[in-house]
Amino acid sequence: MKPIRIPIALQQAVMQCLRENLRLAGQHFNYEFPEPALTYRQRGTSAGTAWLEKWEIRINPVLLLANQANFIDEVIPHELAHLLVFRQFGRVAPHGKEWRWMMAEVLKSDPRRTHEFDLTTVRTHTYPYACGCRRHDLTVRRHNRIRRGEATYRCRQCGNILHYDENA
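Thresholds, definitions, all that
Residues numbered from 1 in each chain as written. Predicted model: local features only at pLDDT ≥ 70, side-chain atom pairs only at ≥ 80, totals over all residues. Heavy atoms only, no water. Pairing = 2+ DSSP bridges. Helix = DSSP H or I, 4+ residues; strand = E, 2+ residues; numbered from the N terminus. Buried < 20%, exposed > 50% of the residue type's maximum accessible area, 1.4 Å probe, protein only.

Draft legend 1. A look at the pairing of strand S4 (residues 126–130). Where S4 meets strand S5 (residues 135–139), five bridges bridge the pair, whose relative direction is antiparallel. What sits directly across from Tyr127, in S5, is Leu138. Counted along the chain from S4 to the antiparallel partner S5, the turn is four residues long. Sheet topology places S4 next to strand S6 (residues 163–164); two bridges connect them, and they run antiparallel. Directly across from Ala130, in S6, lies its bridge partner His163.

What follows is the structure in structure tokens.
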């Protein structure tokens, strides 16, 4: 995969947000947290990923370029909160009460689990699945995991297991 060039000004804005949020956390805990490694190698529909043991944040460069300010304001605190929660509380539920508290009280950000960015630039082929109430478009990765018997997915609305919809 050819690396995507991120303009220097955008990289600087990302780092400024990261450092400001680290400063907030440092003030709250009276501790100077190390700056996490930041890479622009996240792929797919995830905006970012926190690698807890590596103290690293991976950013999706395509979504960053397409959503610049909103991406920085939402994703950087979200992923940093995962690292901070791991450092302070150990391994807990990814978006549990500790993470929501870290987002709201320490980083002063909205504790939303998922982003609402347009995914047409990063989503390739999807597969139609159905539940009891609607149709779902699953990624190639999730479709393959179901086919190999490694995973099942449920609808968040009705709770039914998703099944491949061959007629769609």
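Draft legend 2. Spotlight on unusual backbone geometry. Although it is not a glycine, Asn30 sits at a positive phi angle of roughly 55 degrees. Note that Asn30 resides in the loop between helix H1 (8–29) and strand S1 (37–39). By relative accessible area, Asn30 is classed as exposed at 73%. The backbone of Lys108 sits at a positive phi, close to 55 degrees, despite the residue not being glycine. Residue position: Lys108 is located in the loop between helix H3 (97–106) and S4.

Draft legend 3. Up close: the pairing of strand S3 (residues 56–59). With burial as the criterion, each face of S3 is covered, one bearing Glu56 and Arg58 and the other bearing Ile57 and Ile59. Across four bridges, the pairing between strand S2 (residues 48–51) and S3 is antiparallel. Within the sheet, the bridge partner assigned to Gly48 lies in S3 and is Ile59. The hairpin turn running from S2 into S3, its antiparallel successor, is four residues long, and Trp55 in that turn takes a positive phi close to 50 degrees.

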